[in-house]
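Architecture and fold: a report
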Amino acid sequence: MSEFRRDPLSDHWVIIAPDRESRPRGSVRHPSADGCPFCPGHEADTPPQVAAYAADGRLITRGRWQVRVVPNKYPAVQDTLPARAATRDFFETRHGIGVHEVIIDCPDHWASLRQLSAHQAALVFRAYRDRLVHWREDPRLAYGQIFKNSGPGAGATLDHPHSQLIATPVVPTQVTSELVLSRRFFRRQGRCAFCVMLERELAAGIRVVAETDQFVVICPFASQFAYETWIVPKRHGSHFEFAEDGQIEGLAVQTQNVLRRLECLLNDPEFNYLIHTAPFRSQQLPHYHWHLEVFPRLAHIAGFEWSAGDYINSVAPEQAAEQLRNAWPAT
Ligand SMILES: [Zn+2]
Ligand SMILES: [Zn+2]
Ligand SMILES: [Zn+2]
């Protein structure tokens, strides 16, 4: 049974999840579909599916799926626990209520997101949106995190391409920090800090990797990691789950393109990406702006970073952006 604990000295939430101990250690490599619980034909090896999409985007309950959503077999949080009042003692705890789902990106065991058709990739992002739309109605939950771990060094334990959703009754520390600072900026300046950032980045150009009608792709000014890349919608919106179909399709294409550039430049690195969006219990916010962050996993976090919570990045984002702009796989 999981429990949220708030560190009284840092305000960070920790999920104590002893049940996760029983999951497979390291990466589980399946040389083929044999034994892979995410491959077609092995549906009985996962907990019962909560959603599946056919090639035409229809939700289906049986038959040939293109994207499939299942509860995580080793959840970090559980949705079967009764809601319990938080203890607001010096040692603050909350029940480890929540939802932990796996989004299986495609039936093909050896594909990766960047290799999928634009249509298939858009279906994956539509599944992200649909799951957030679904869970934001649950009064126990405050936030839904969408993320992908790709490669064992990035935390993936299965190599079949998949993404994850963890929805929790607390708003993650990182997002809280972005919300607090962007609200403060809005109060002072009357504008969204992300919208201002896009204007400034487009004017300067040096950290812009790509620009479309809908999105700006940048290596942010204070990138914590080498080749960290953000995809930010041009049109202001605080909630990813309110994005319309055209934006979802555009985001899928831009994410694939970033991954293709990284593959070309850095020989297919392990990576994480995540979507930062506003909490469920708010409607459209004028100060917050959803975005997707990609982190190639090139270096281990070392003593300085653990100690400081601040990072040393050995590749200037201006240099990273220039290299990524010019990196494109030969066809
Ligand atoms: Zn598989
Ligand atoms: Zn904005
Ligand atoms: Zn963010």
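The residue numbers shown here count from 1 along each chain, following its written sequence. Chains carry letters and ligands carry numbers; both start at the beginning, A for chains and 1 for ligands, and go up in the order they are written. For a predicted model such as this one, the threshold for reporting local features is a pLDDT of at least 70, and the threshold for listing and counting side-chain atom pairs is 80 or more; totals across whole chains, interfaces and linings nevertheless cover every residue. For the side-chain quantities, the full set of heavy atoms in the structure was used; hydrogens and water were omitted.

Let's shift gears to the coordination of the zinc ion (ligand 2). By definition of the ideal shapes, a tetrahedral metal site with four donors has angles of 109.5 degrees and an octahedral site with six donors has angles of 90 or 180 degrees. Protein ligation of the zinc ion (ligand 2) involves C192 (SG), C195 (SG), H236 (ND1) and H289 (ND1), the donor distances falling in the range 2.0 to 2.3 Å. Water is absent from the atoms considered, so a metal site may look incomplete; donors are defined as N, O and S atoms within 2.8 Å of the metal, or 3.2 Å for Na, K and Ca. The rule is simple: four donors are tetrahedral if all their angles sit between 85 and 135 degrees, four are square planar and six octahedral if opposite donors span more than 155 degrees and the others lie between 65 and 115, and anything that fits none of that is irregular. Geometry at the zinc ion (ligand 2) is tetrahedral, judged from the 4 donor atoms that bind it and their angles of 106 to 113 degrees at the metal. When the donors of the zinc ion (ligand 2) are listed by position in the chain, the intervening gaps give C-x2-C-x40-H-x52-H. Pair noted here: C192 is in the loop between α2 (173–189) and α3 (193–204) and H236 is in the loop between β11 (229–233) and α4 (245–266), with a separation of 44 residues, a long-range link. Of the residues examined, C192 reaches a relative accessible area of 5% and is grouped as buried. Helix and strand definitions here come from DSSP, where helices need a minimum of 4 consecutive H or I residues and strands a minimum of 2 consecutive E residues; each element is numbered from the N-terminal end. When a residue's accessible area, from a 1.4 Å probe over protein chains only, is under 20% of the maximum for its type it is buried; when over 50% it is exposed; and in between it is partly exposed.

Attention shifts here to the sheet that holds strand β5 (residues 92–95). In a beta sheet, neighbouring strands pair by backbone hydrogen bonds and run either parallel or antiparallel. Taken in spatial order, the 3 strands make up an open sheet running β2-β1-β5, and their pairing is antiparallel. Only two strands of the sheet have a single partner each, and these edge strands are β2 (13–16) and β5. Within the sheet, the average angular offset between the axes of one strand and its neighbour, ignoring direction, is 25 degrees. The pairing criterion for strands is at least two bridges between them, as found by DSSP. Pairing of strand β1 (residues 3–6) with β5, which is carried by 4 bridges, proceeds in the antiparallel orientation. Its bridge partner lying in β5, E3 is registered against H95. Throughout, an axis means a line fitted to C-alpha atoms (over the contacting stretch in the case of helices), and angles, computed between N-to-C directions, take values from 0 to 180 degrees.

Turning our attention to the coordination of the zinc ion (ligand 3). Distances from the zinc ion (ligand 3) to its protein donors, E178 (OE), H276 (ND1), H291 (NE2) and E293 (OE), fall within 1.9 to 2.1 Å. One can describe the donor arrangement at the zinc ion (ligand 3) as tetrahedral, given that its 4 donor atoms subtend angles of 93 to 124 degrees at the metal. Ordering the donors of the zinc ion (ligand 3) by residue number gives the pattern E-x97-H-x14-H-x1-E. Residue H276 is located in strand β12 (residues 271–276), and its partner H291 is located in strand β13 (residues 291–296); the two are separated by 15 residues in the primary sequence. Comparing H276 with H291, the two get one shared label, buried.

Attention shifts here to the domain arrangement of the protein. Examined at the domain level, the protein breaks down into domain 1 (3–172) and domain 2 (174–326). What marks off one domain from the next here is an automatic or database domain assignment. On a C-alpha basis, the centres of domain 1 and domain 2 stand 22 Å from each other. Counting residues at the interface gives 35 residues for domain 1 and 38 residues for domain 2. By definition, the buried area sums, over both parts, the 1.4 Å-probe accessible area that each loses when the two are put together. Across the domain 1 to domain 2 interface the summed buried area is about 2,900 Å²; carbon plus sulfur atoms make up 57%. Here, a salt bridge means any Lys or Arg side-chain nitrogen found within 4 Å of an Asp or Glu carboxyl oxygen. The tally of links between domain 1 and domain 2 comes to 4 salt bridges. Across the pair E241 and R136 runs a salt bridge whose closest N-O atoms are separated by 2.7 Å. Distance and chemistry together define a polar contact, namely a pair of N or O atoms within 3.5 Å, with one atom able to donate a hydrogen and the other to accept it when in protein, and with adjacent residues in sequence counting only for side-chain atoms on both sides. Where domain 1 packs against domain 2, one counts 23 residue pairs in polar contact (both at pLDDT 80 or more). Whether two residues are in contact is decided by their heavy atoms: any pair within 4.5 Å suffices.

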